[in-house]
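Chain residues, written in single-letter form:
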Amino acid sequence: MLDIPRWDFHWQGSCTLAAPEVLNPGDTLSIERPWDNTPENQPFIDGQPRGPTDVVWGEGTNDEMCLGTFCMTGL
């Protein structure tokens with residue numbers, strides 16, 4: 001239903017579909033957000049690359065913030 005290949009950190013709002021989707025009994029919804037925590041993808045802090053660290057849920061710049069919600073109405 002929704003694919004955002006390159007998320008921008010500043011898009012901390014919500015998005016809606018252009019047209020409603022029909023879900024049928026037995027359909028499932030899932031969310032997947034890979035997090036690249038490899039040494040090559042670390043930010044530079046004071047000119048030095050930060051080492052890989054455990055990624056946990058949080059609202060900080062280097063935390064995982066993926067949260068998916070949906071609203072559904074019946075016809």
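Whatever comes next refers back to the structure up there.
Residues numbered from 1 in each chain as written. Predicted model: local features only at pLDDT ≥ 70, side-chain atom pairs only at ≥ 80, totals over all residues. Heavy atoms only, no water.

J.: Could you give an account of the layout of surface pockets, naming the residues involved and the relevant values?
T.: Here the largest pocket defines a volume of roughly 2,500 Å³. If you trace the largest pocket, you find 50 residues lining it, with Leu2, Ile4, Trp7, Ile31 and Leu67 closest to the centre. Grouping the amino acids of the lining of the largest pocket by side-chain chemistry returns 26 nonpolar, 14 polar and 10 charged. (1 Å grid on protein atoms, 1.4 Å probe; cavity = no way out; pocket = protein on both sides within 12 Å on 5 of 7 lines; lining within 4 Å. Points joined across faces, edges and corners; volume = space filled by probe spheres on them. Nonpolar A, V, L, I, M, F, W, Y, C, P; charged D, E, K, R; others polar.)

J.: Break down unusual backbone geometry for me, with residues and values.
T.: Across the chain, the bulk of peptide bonds are trans and the bulk of non-glycine residues have phi less than zero. One non-glycine residue, Asp46, lies in the positive phi region at around 55°. Examined against the element boundaries, Asp46 turns out to sit in the loop between β1 (44-45) and β2 (48-49). On the accessibility criterion, Asp46 (79% relative accessible area) is exposed. (Helix = DSSP H or I, 4+ residues; strand = E, 2+ residues; numbered from the N terminus. Buried < 20%, exposed > 50% of the residue type's maximum accessible area, 1.4 Å probe, protein only.)

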